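# A structural walkthrough
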Amino acid sequence: MSRRALRRLRGEQRGQEPLGPGALQFGFRDDDDAEEEGPKPGPGGPRPRSPGKEGVRVNNRFELINIEDVEEGPVVNGEKSDGLRTEVVVSGSKRKSQSGSAEPRKDGEVDDRTGPLEQSNVSGKLRKKKKKQKNKKSSAGETSENGLEDIDRILERIEDSSGSLHPSPPLLSSRKHVLYVEHRHLNPDTELKRYFGARAVLGEQRPRPRQRVYPKCTWLTTPKNTWPRYAKPGLSMRLLESKKGLSFFAFEHSEEYQQTQHKFLAAVESMEPNNIVVLLQTSPYHVDSLLQLSDACRFQDDQEMARDLVERALYSMECAFHPLFSLTSGTCRLDYRRPENRSFYLALYKQMSFLEKRGCPRTALEYCKLILSLEPDEDPLCMLLLVDHLALRARNYEYLIHLFQEWEAHRNLSQLPNFAFSVPLAYFLLSQQADLPEEELSSAREKASLLVRQALIMFPGVLMPLLECCSVRPDAAVTCHPFFGPSSEISQPPALSQLVSLYLGRSHFLWKEPSIMSWLEENVRAVLQAVDAGDPAVAECESRRKVLYQRAPRNIHRHVVLSEIKEAVAALPPEVTTQSVMGFDPLPPSDTIYSYTRPERLSPVSHGNTIALFFRSLLPSYSMEGERQEDGGAEGLDHNQGLNRLMLAVRDMMATFHFHDPEAPHEDHAEGDGEWD
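Now for a description of the structure that goes with this document. It should be emphasised that the depicted structure is a prediction, and the values quoted were computed from it without experimental measurement.

## A closer look at the overall build of the protein chain
Counting secondary structure elements, the protein chain contains 29 helices and three strands. The buried share of the protein chain, taken over its 677 residues, is 42%. In the protein chain, of all internal contacts separated by at least 6 residues, the share reaching a separation of at least 24 is 71%. Summed over its atoms, the accessible surface of the protein chain is roughly 40,500 Å², and 52% of this surface lies on carbon and sulfur atoms.

Structural data, given as structure tokens:
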């Protein structure tokens, strides 16, 4: 190898001659010998060696730079060549000492055999480099193993200490496990991908170069670029208390949000949707305005805009969540008696309805579980009348059966017609699956037959309307029998008729399959035989129907209003149909907890026009317009007082009218027909 090639290999420049090994022997003898033979006394005394450091220590001001990095780095003012020569000389002296053929040299002595020595030094350096790499790998492996062991020990100590100092919260009871919500099932795209594939769902959702940045990631909705830029509307959430493993939260309105809420109520009373649109231009994330305008768009068959407004309302409320509020734990509670919390309930319900119509029953079921988990004991929207339907549509039969088994003991779910018929249907559909063992299939079939017979005995008025909805003509033996005849529908209480109408209007199409109808026919014949045989369960169920279903609670009426099922709405009692029902707050609870009240407004009589007052009095909400009923027992406007105001307005209006006087002089027209007699 030529000198030019060696210089290029070492990174030297032309004109720089390599120094011999003896020139640097004096400065590096102590470190090299200290590495292999241990410390030896030198002219300057013994040099201490720091523990844990390997390799050759040179008097280099760049001690933090590894030698391998220096060798492969760029040449700066010839410093790289010096480092290389130092390593070559030291490695050569090491090899000589190992072989035993090295001889002591005097200071200033230079070897004439520079070329072959340098080549052997380069090869020795490479071997030493490989040895260092092996040592580094072994040491790194040992340190990683030791580090993992240390981490495990530390975690065990932390768990032990935290368990003794901070006891973990009590586990949820078994009945609460059915309320667990999964984040991935809250996204409808997850269900649509399973049906149509990711390419079909995400084809139009490719990332664009300039997307608007939103403040946080949300689970309920995905913000869109078409929405207005988000700014905090004054909505927040606070933690009220935590007890028995449950956390109670409440939404709060700032003063600015309260003023917007007052403007919204005035816009609703004006019965003009454009006023709400104007309000949303100044407050684009006001929740109640978004929900009310969504209903207006839905009535005009603009489903896409209605759904977009509901998603924007959900996004506004999710951005206001408390850091401890969790959608999936099932331990967070929102009191429906607070008006600020009702908007979240209604937004979730409307989103669930849109998802069901969109063909995403599994996602809608997850939203239903979420609403139920917010207040499962009171169930203000009565989601138990809907959860069975969504579970059957999503083909999640195991969840419906598990919910029935867990809650039947303390909630008496079998007394609701929807659960009484949906649970045996779930058992029957489960028995039709081929991937289960034969024993489980036969057990599910027997359980389904037993439960559907109990349901037919408890609710005989369901059979004939169900067959009529399914366009099935029953047998003459069934039609003529008094147990399933018209008398069974007439004799049932009004509250029970309302529940039956709600179930049939929503879930009758689930019974249309021929296999289900043949299975139902077998059990109907078995029930008729039991009735003819005088089974005591028949009389017991009849007496129970008369006692249990005297009057439906308010949450069932609220659920019927929100469901918009014609058959069920027609069965509502007069005390519900005669009062005004607002879409943003349908049938508010009688024990509402107000955090702030609406300021009193001036009466229209004092400043209004009499004709405008007359037409305003024709509105159904005229009696509630004068004063707002406040929390603490304040009384509303008296009906007699409203009637007196109406009479005064009519008298004033009649006094301002001027009738035509026939005897008054008038002009004669040349082409007229003459005067009236």
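## Topic: unusual backbone geometry
Even without glycine at this site, K244 takes up a positive phi of about 55°. A positive phi is found at E564, a non-glycine position, where the angle reads about 60°. Tracing the backbone shows E564 in the loop between α24 (554-563) and α25 (566-570). E564 gets classed as partly exposed once you look at its relative accessible area, which sits at 42%.

## A look at the packing of aromatic side chains
Here the structure, examined in full by the defined rule, presents 18 aromatic pairs. Between the aromatic rings of Y230 and Y285, the centroid separation amounts to 5.1 Å while the plane-to-plane angle is 75°, which identifies the pairing as edge-to-face. One end of the pair, Y230, is in the loop between α7 (198-201) and β1 (235-243); the other, Y285, is in the loop between α9 (273-282) and α10 (287-299), and 55 residues separate them in sequence. Taken together through their ring pairs, the aromatic side chains of F249, F251, F321, F325 and F344 make up a single cluster. The ring of Y285 carries the charged tip of R312 above its face, separated from the ring centre by 6.0 Å.

## A closer look at the sheet that holds β1
Strands in a sheet are paired, the pairing made by backbone hydrogen bonds, and the direction either parallel or antiparallel. Here three strands make up an open sheet; going across it, the order is β1-β2-β3 and the pairing mixed. The sheet is open, and its two borders are formed by β1 and β3 (332-334), each paired with just one other strand. Within this sheet the neighbouring strands show an average axis-to-axis angle of 35°, counted without direction. Judged from the eight bridges that link them, β1 and strand β2 (residues 246-253) form a sheet pairing that is antiparallel. Bridged to K243 within β2 is L246.

## Re the side chain of R333
Note on placement: R333 falls in strand β3. It is D377 that comes nearest to the buried, bridge-free R333 among opposite-charge side chains, at 5.9 Å. There is a polar contact of 3.0 Å between the side chain of R333 and the backbone oxygen of G330. A polar contact of 2.7 Å, which involves the side chain of R333, links it to the backbone oxygen of S373.

## Points about helix α23 (residues 536-548)
The first and last C-alpha atoms of α23 sit 19 Å apart over 13 residues, in line with the 18 Å expected at 1.5 Å per residue. Listing the buried residues of α23 in full gives V538, C541 and R545. For α23, the arc enclosing every buried residue in end-on projection is 65°, short of the 170-degree limit, so these residues lie on one face. Facing away from the buried side of α23, by more than 90 degrees, are the exposed residues P536, K546 and V547. Of the surrounding elements, those touching the buried residues of α23 are α17 (438-458), α21 (494-507) and α22 (514-532).

## A word on the environment of E489
In this structure, E489 sits in helix α20 (residues 486-491). Linking E489 and M464, residues 25 residues apart in sequence, is a C-alpha distance of 8.8 Å.

## A word on the packing of helix α16 (residues 417-431) against α21
The contact between α16 and α21 brings their axes to 9 Å, and the two run at 40°. Judged by the angle between their axes, α16 and α21 are oblique. Here P417, N418, F421 and S422 of α16 come into contact with α21, specifically with L496, L499, V500 and Y503. By residue class, the composition of the contact of α16 with α21 is six nonpolar, two polar and no charged.

## A look at the pattern of salt bridges
Two side chains bearing opposite charge may form a pair once their charged atoms approach each other closely. For the structure shown, the criterion picks out 20 salt bridges. Two residues, E540 and R544, come together in a salt bridge whose shortest N-O distance is 3.1 Å. Here E540 pairs with R544, and both are found in helix α23, just four residues apart, close to one helical turn. Each of D295, R298, K350 and E564 takes part in one network of salt bridges that share partners.

## Here's the deal with the environment of L572
Structurally, L572 can be placed in the loop between α25 and α26 (574-577). Excluding residues within four positions of it along the chain, L572 makes contact with Q498, H557, V560, V561 and T577.

## Comments concerning the environment of F483
Following the sequence through the fold, F483 ends up in the loop between α19 (476-479) and α20. On the basis of relative accessibility, which here comes to 12%, the residue F483 falls in the buried class. When the C-alpha positions of F483 and L528 are compared, they lie 8.0 Å apart, and in sequence the two are 45 residues distant. Discounting residues that sit within four places of it in the chain, F483 has contacts with L456, I457, P460, S488, V527, V531 and V538.

## Things to note about the nonpolar core
Of all hydrophobic cores here, the largest spans 130 residues; its most connected members are F344, F419 and W511. Residue contributions to this core peak at ten residues, all from α16. Shared between two domains, this core takes at least three residues from each, and those domains are domain 1 (188-201 + 216-380) and domain 2 (381-588). Those residues within four positions of F344 in sequence are excluded, and the remaining contacts are L220, F251, L314, M317, F321, L327, L334 and L374. Core analysis: the second largest hydrophobic core is formed by five residues, W227, Y230, Y315 and C319 among them.

## A word on the pairing of β2
Of all the eight residues making up β2, six are buried; the element is thus mostly covered by neighbouring parts of the structure. Two strands pair when backbone bridges link them, and β2 and β3 are joined in this way by three bridges, in the parallel orientation. Bridging from a neighbouring strand, F248 pairs with R333 of β3.

Parameters at a glance
- Residues numbered from 1 in each chain as written.
- Predicted model: local features only at pLDDT ≥ 70, side-chain atom pairs only at ≥ 80, totals over all residues.
- Heavy atoms only, no water.
- Helix = DSSP H or I, 4+ residues; strand = E, 2+ residues; numbered from the N terminus.
- Buried < 20%, exposed > 50% of the residue type's maximum accessible area, 1.4 Å probe, protein only.
- Contact = heavy atoms within 4.5 Å.
- Areas by Shrake-Rupley, 256 points an atom, 1.4 Å probe, with all protein chains shown as cover.
- Phe/Tyr/Trp six-rings, centres within 6.5 Å; stacked < 30°, edge-to-face > 60°.
- Lys NZ or Arg CZ within 6 Å of the ring centre and 35° of its normal.
- Pairing = 2+ DSSP bridges.
- Axes fitted to C-alpha atoms, helices over the stretch in contact; angles between N-to-C directions.
- Lys, Arg positive; Asp, Glu negative; His and termini not counted.
- Salt bridge = Lys/Arg side-chain N within 4 Å of Asp/Glu carboxyl O.
- Polar contact = N/O pair within 3.5 Å; in protein donor to acceptor, adjacent residues only side chain to side chain.
- Expected span 1.5 Å × (residues − 1).
- Arc of directions from axis to C-beta.
- Parallel < 35°, antiparallel > 145°, perpendicular 65-115°, else oblique.
- Nonpolar A, V, L, I, M, F, W, Y, C, P; charged D, E, K, R; others polar.
- Core = buried A, V, L, I, M, F, W, Y, C linked by side-chain atoms within 4.5 Å.
- Domains from an automatic or database assignment.

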